[in-house]
Amino acid sequence: MQNRYFQGYIMSNKNNIFKEVNEGFTIKEAIEEAKRCLNCKNPSCKKGCPIENDIPDFIHQLSMGNMGGAMSIINAKSNLPAICGRVCPHEKQCEGHCVLYAKGKGIKVGKLERFAADFDTNMSLLRERLPQKTRGKVAVIGSGPAGLTVAGDLARQGFSVTIFEGQEEAGGVLMYGIPQYRLPKAVVRKEIEKIEALGVNIVCNCLVGKEMTVDKMFEDGYDAVFIGTGTALPKALDLPGSTLRGIVQSSYLLHMANIFNQNIVDRDQVPLKVGERVGIIGCGNVAMDAARTAVRMGASEVSVIYHRTEADMPAIQSEYQEAVKEGVKFLWQTSTQEFLGNEQEELVGIRATTPDGVKEIALDRIFLAIGSRPANRIVSTTTGIDVDDTGYVIVKQRPFGMTTRKGVFAGGDVVHHPQTVVLAMKAAKQVAAGIAQYVDAVKLLEI
């Protein structure tokens, strides 16, 4: 009865349960925070940013109340500032490199970037002067951080860009992978609208490798193709009992919870029942997202199971601390040896090696968060694209990001092992420059 009551509570209060955790600055707070910046001669915060945002410059504009000036500076380097301001690991990047950080007084760069981007969106401050789309025609496969970055950069440089997205809505991991409480979907949609305002065309419900192929794109007159599909296939654990019902991928939980929040599916489609005891295997940022989502979906107990120590975890410290505050338990130096099931082949727990010896831990549900790898749908339907032994696309340094097939480029997680949003953006910006150089060179030869 209690479970039924709590499930009803989730249904009627999910907007509050999944409400964004971290509040943004007010105008007064943002200006006061910006005024604390020392405007260093050699800003280490900029060096800590993977895309080298001109951080002191935009903060200086904010300190004077010049919101438009701040956004102009930010837009020169970032296509997704409202997103980066929320989900980047700032403590490891810009903020962690601030000279005031060691004293516990580092400038809140992420919140300032978020404030400027949100203010721009709400007030419709900037309308960029864009060149005509006469420089070339580029197809982008995937609308995650890498795809949106390539599309935005090339559109600003005079390229006609079309994004092909397999899902019903653009955004990739931003829309379907990162929980609502960390990244509201309204924010993602607004950022994508800004990309479209640059002249980028987005075609959804088009699964490349099925409804469309790379060969067909070239037949349709595209000068270059960018593959930014990320890593769609999660890794599994090959252990005894791994086929038991109740063992699910964390990415699936996050996807279903996100579309439940958007009223696309009912609560019973989310693979977690109210009152279940949940274990998360892995300790990266996806594991933190899965654990905190499980709490919000009504799990009675959530434990992150990790074979190393807290000092070794890949997750950023702030996400770990938030999980602890929300009641998530952490089982350090605990290695799963076997999944335990009942006669109905349903999960009932795990047998694991712990610091206190081998133990059996009772669990109703396991979510795996041990990494992912690229799907081969596009590569298998396209000749000439080589991959390495683990399925990652092989690319060149000149022109940067081009695969072994002429005119086809790749970047982001499909090339590198899964990383953060901003690192995918960094790679994508380099590839966008490579695409521009390639298309310009080809057209020059045609003259």
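Report follows, based on the coordinates. Only a predicted model underlies this, so the values are computations on that prediction, with no experimental measurement involved. (Residues numbered from 1 in each chain as written. Predicted model: local features only at pLDDT ≥ 70, side-chain atom pairs only at ≥ 80, totals over all residues. Heavy atoms only, no water.)

1. Considerations on the nonpolar core
For step 1, the next point in the chain: Ranked by size, the top nonpolar core spans 102 residues in total, and within it Phe58, Ile280 and Ile435 carry the most contacts.
For step 2, the next point in the chain: At 10 residues, the largest contribution of residues to this core is made by helix H17 (residues 421–446).
For step 3, the next point in the chain: Once you skip the residues sitting within four places of it in the chain, Ile435 turns out to touch Val138, Val150, Leu154, Ala224, Phe226 and Phe409. (Core = buried A, V, L, I, M, F, W, Y, C linked by side-chain atoms within 4.5 Å. Buried < 20%, exposed > 50% of the residue type's maximum accessible area, 1.4 Å probe, protein only. Helix = DSSP H or I, 4+ residues; strand = E, 2+ residues; numbered from the N terminus. Contact = heavy atoms within 4.5 Å.)

2. What about the packing of aromatic side chains?
For step 1, the next point in the chain: Enumeration according to the criterion identifies 7 aromatic pairs in this entry.
For step 2, the next point in the chain: Between Phe115 and Phe119, the ring centres sit 5.8 Å apart and the planes meet at 40°, which makes this aromatic pair tilted. Here Phe119 and Phe115 lie together in helix H8 (residues 109–123), a separation of 4 residues that amounts to about one turn. Across the pair, exposure class does not vary: Phe115 and Phe119 are buried alike.
For step 3, the next point in the chain: With a centroid separation of 6.2 Å and an interplanar angle of 75°, the aromatic rings of Phe164 and Tyr222 are classed as edge-to-face. Taken together, the residues span a long stretch of sequence, with Phe164 in strand E2 (residues 159–164) and Tyr222 in the loop between helix H12 (214–219) and strand E4 (224–227) at a distance of 58 residues. Pair check on accessibility: Phe164 and Tyr222 agree, each one buried. (Phe/Tyr/Trp six-rings, centres within 6.5 Å; stacked < 30°, edge-to-face > 60°.)

3. A closer look at the pattern of salt bridges
For step 1, the next point in the chain: In total, this model carries 29 salt bridges according to the counting rule given.
For step 2, the next point in the chain: The residue Glu326 makes a salt bridge to Arg296 at a minimum N-O spacing of 2.7 Å. Here Glu326, found in the loop between helix H15 (317–325) and strand E9 (329–331), pairs with Arg296, found in helix H14 (residues 285–296); they are 30 residues apart in sequence, far enough to count as distant.
For step 3, the next point in the chain: Residue class for Glu326 comes out partly exposed when judged on its relative accessible area of 24%.
For step 4, the next point in the chain: Through salt bridges with shared partners, a single network forms among Arg182, Asp289, Arg292, Arg296, Glu319, Glu322 and Glu326. (Salt bridge = Lys/Arg side-chain N within 4 Å of Asp/Glu carboxyl O.)

4. Concerning the side chain of Ser143
For step 1, the next point in the chain: With respect to the helices and strands, the residue Ser143 is situated in the loop between strand E1 (136–141) and helix H9 (145–156).
For step 2, the next point in the chain: Within the local environment of Ser143, its side chain forms a polar contact with the side chain of Glu165, the two groups lying 2.7 Å apart.
For step 3, the next point in the chain: A distance of 2.8 Å separates a polar side-chain atom of Ser143 from the backbone nitrogen of Gly171.
For step 4, the next point in the chain: For Ser143, the contacting residues outside a window of four places in its chain are Leu148, Ile163, Glu165, Ala170, Gly171 and Gly172. (Polar contact = N/O pair within 3.5 Å; in protein donor to acceptor, adjacent residues only side chain to side chain.)

5. What about the packing of H9 against H17?
For step 1, the next point in the chain: At their nearest, the axes of H9 and H17 sit 8 Å apart, and the two run at 40° to each other. When the interaxial angle is binned, H9 and H17 end up oblique. Relative to H17, the crossing made by H9 is right-handed. Counting all contacts with H9, which are made through Pro145, Ala146, Thr149, Val150, Asp153 and Leu154, the residues of H17 involved are Val421, Ala424, Met425, Ala428, Lys429, Ala432, Ile435 and Ala436.
For step 2, the next point in the chain: Looking at the contact of H9 with H17 residue by residue, the classes come out as 11 nonpolar, 1 polar and 2 charged. (Axes fitted to C-alpha atoms, helices over the stretch in contact; angles between N-to-C directions. Parallel < 35°, antiparallel > 145°, perpendicular 65-115°, else oblique. Left-handed = near helix turned anticlockwise from the far one by under 90°. Nonpolar A, V, L, I, M, F, W, Y, C, P; charged D, E, K, R; others polar.)

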